Amino acid sequence: MAPFTLAHLSDPHLPPLPKPRLIELAGKRALGYVNWTRNRHKYQRREVLDALVADMKAQSPDHIAVTGDLVNLALEAEFAPALHWLKSVGPPEHVTAIPGNHDAYVRATSHRFGETFAPYLAGDDGRIGFPSVRRRGPLALISLSTAVPTLPLMATGTLGPDQLASLEELLERLAAEDVFRVLLVHHPLKSESRQKRMTDAPALLALLKRHGVELILHGHDHVHSTVWVEGPNGNIPALGVPSASALAHGRYPAAAYNLLTIEKDNAGWRCEQTVRSLGAGFQIGQIKHARLI
């Protein structure tokens, strides 16, 4: 059987930001809009995102995972362009998307991600909710949502007890199948930032220690990262990527995506990671190759 390739990008923060109505600029959105107009518009660039996606599609991956933050302030006017962009990446059977904290930026529109991107969220059973499972080739893609509205200056995420309980039941069922389990979640499982952490990450880490998955993909931090999480049969790689629309700035690297090659290896699995990133002249090139499993 030929290897299965899974592309992973995150945090496109689709630019440009539509002009908000004055009534929308209250509370947290007001601070976010100031940050966008003063800083973020300089390095969140559509031409960067377009170059990265074009290169990714040229690699002909079997499936694409987008781990959240498609929009910026969750303005009503942001969702239709974001859906148009996601359709340009690929159809729902070829692309899986999950929400990030910016997709549920304020309570008033926290439901819009699920409504707008429903075909890209739905599990194999057609249900819209989390956790959900999509089987693609040898993979079982397990989608979680940490997207909850938070107070100004906070970017935390939370799974909640119901989602954790359902995930445990799901992993118990999948344990009987010969599948490569990929967990998709926006927030990293380990964070030193009180303002950006997953608040119930310890519960998720404990669950994974009992039941395990083969691979974890996340976004949120806008940096390259490989962290190893304890599982029942060894450590699990958890991969993060920079924002898919970002120019390099400060401590944040330029836009990049992961390309994962997965195949059976005797009684187990083999997974190799290739990282492709924005370079000079808006050219995309390989910057890393590693065997994870």
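The shown structure was predicted, so the numbers you read here are calculated from the model rather than taken from an experiment.

If you had to explain the nonpolar core to someone new, which residues and values would you point to?
Core analysis: the largest hydrophobic core is formed by 39 residues, its most contacted members being Leu9, Met56, Val66, Trp85, Leu86 and Phe117. Elements supplying a minimum of two residues to this core: β1 (4-9), α2 (46-58), β2 (63-66), α3 (76-89), β3 (95-97), α5 (118-121) and β10 (256-265). The residues contacting Trp85, other than those within four sequence positions of it, are Leu9, Pro12, Leu14, Arg46, Leu49, Val53 and Leu70. Core analysis: the next-biggest nonpolar cluster, separate from the first, contains 24 residues, Ala140, Ile142, Leu164 and Leu170 among them.

Describe the packing of aromatic side chains, with residues and values.
A complete count under the given rule lists two aromatic pairs for this structure. Ring centres of Phe113 and Phe117 lie 4.6 Å apart, and the angle between their planes is 50°; this geometry places the pair in the tilted category. The exposure classification of Phe113 matches that of Phe117, with both residues buried. Ring centres of Phe180 and Trp269 lie 5.5 Å apart, and the angle between their planes is 75°; this geometry places the pair in the edge-to-face category. Remark: Trp269 occurs in strand β11 (residues 268-278) and Phe180 occurs in strand β6 (residues 180-184); sequence separation between them is 89 residues. For Trp269, a relative accessible area of 14% corresponds to the buried category. Cation over ring: Lys28 sits above Tyr105, and NZ or CZ is 4.7 Å from the ring centre. The aromatic ring of Trp269 is capped on one face by Lys264, whose charged end is 4.5 Å from the ring centroid.

For the sheet that holds β10, give the residues involved together with the corresponding values.
Within the open sheet, the six strands sit side by side as β3-β2-β1-β10-β11-β12. Their pairing is mixed. Of all strands in the sheet, those with a lone pairing partner are β3 and β12 (284-291), marking the two edges. In this sheet, neighbouring strand axes are inclined to one another by 20° on average, regardless of whether the strands run parallel or antiparallel. Two elements, β11 and β12, share seven bridges in a ladder whose sense is antiparallel. For Ser277, the partnering residue across the bridge sits in β12 and is Gly285.

Give me helix α6 (residues 161-174): which residues, what numbers.
Structurally, the α-helix is built with 3.6 residues per turn, so residues lying three or four positions apart point the same way. Between its terminal C-alpha atoms α6 stretches 20 Å, which fits the 20 Å expected from 14 residues at 1.5 Å a residue. Along α6, the positions that sit buried rather than exposed are Gln163, Leu164, Leu167, Leu170, Leu171 and Leu174. One face of α6 carries all of its buried residues, which in axial projection span an arc of 125°. Along α6, the residues that are exposed and aim more than 90 degrees away from the buried face are Pro161, Asp162 and Arg173. For α6, the elements touching its buried residues are β4 (132-136), β5 (139-143), β6 and α7 (201-211).

Summarise the sheet that holds β6; cite the residues concerned and give the values.
Pairing between the strands of a sheet comes from backbone hydrogen bonds, and it takes one of two forms, parallel or antiparallel. Spatial strand order, β4-β5-β6-β7-β9-β8: six strands in an open sheet with mixed pairing. Edge positions in the sheet fall to β4 and β8 (225-231), since each of these pairs with one other strand and no more. When the angles between neighbouring strand axes are averaged without regard to direction, this sheet yields 25°. In this structure, strand β7 (residues 215-218) lies alongside strand β9 (residues 234-240), joined through three bridges in parallel fashion. Bridged to Ile216 within β9 is Ala238. Taken strand by strand, α6 contacts β4, β5 and β6, and its axis lies near 175° from that of β5.

Explain the pattern of salt bridges residue by residue, including any values.
Enumeration according to the criterion identifies 17 salt bridges in this entry. Ionic pairing is found between Arg210 and Glu168, a salt bridge with its closest N-O pair at 3.0 Å. Of this pair, Arg210 sits in helix α7 while Glu168 sits in helix α6, and the two are 42 residues apart along the sequence. With a relative accessible area of 22%, Glu168 lands in the partly exposed category. A salt bridge links Glu272 to Arg270, with the shortest nitrogen-to-oxygen separation between them at 2.6 Å.

Criteria and cut-off values
Residues numbered from 1 in each chain as written. Predicted model: local features only at pLDDT ≥ 70, side-chain atom pairs only at ≥ 80, totals over all residues. Heavy atoms only, no water. Core = buried A, V, L, I, M, F, W, Y, C linked by side-chain atoms within 4.5 Å. Buried < 20%, exposed > 50% of the residue type's maximum accessible area, 1.4 Å probe, protein only. Helix = DSSP H or I, 4+ residues; strand = E, 2+ residues; numbered from the N terminus. Contact = heavy atoms within 4.5 Å. Phe/Tyr/Trp six-rings, centres within 6.5 Å; stacked < 30°, edge-to-face > 60°. Lys NZ or Arg CZ within 6 Å of the ring centre and 35° of its normal. Pairing = 2+ DSSP bridges. Axes fitted to C-alpha atoms, helices over the stretch in contact; angles between N-to-C directions. Expected span 1.5 Å × (residues − 1). Arc of directions from axis to C-beta. Salt bridge = Lys/Arg side-chain N within 4 Å of Asp/Glu carboxyl O.

As far as function goes, none of this settles anything; it's purely spatial.
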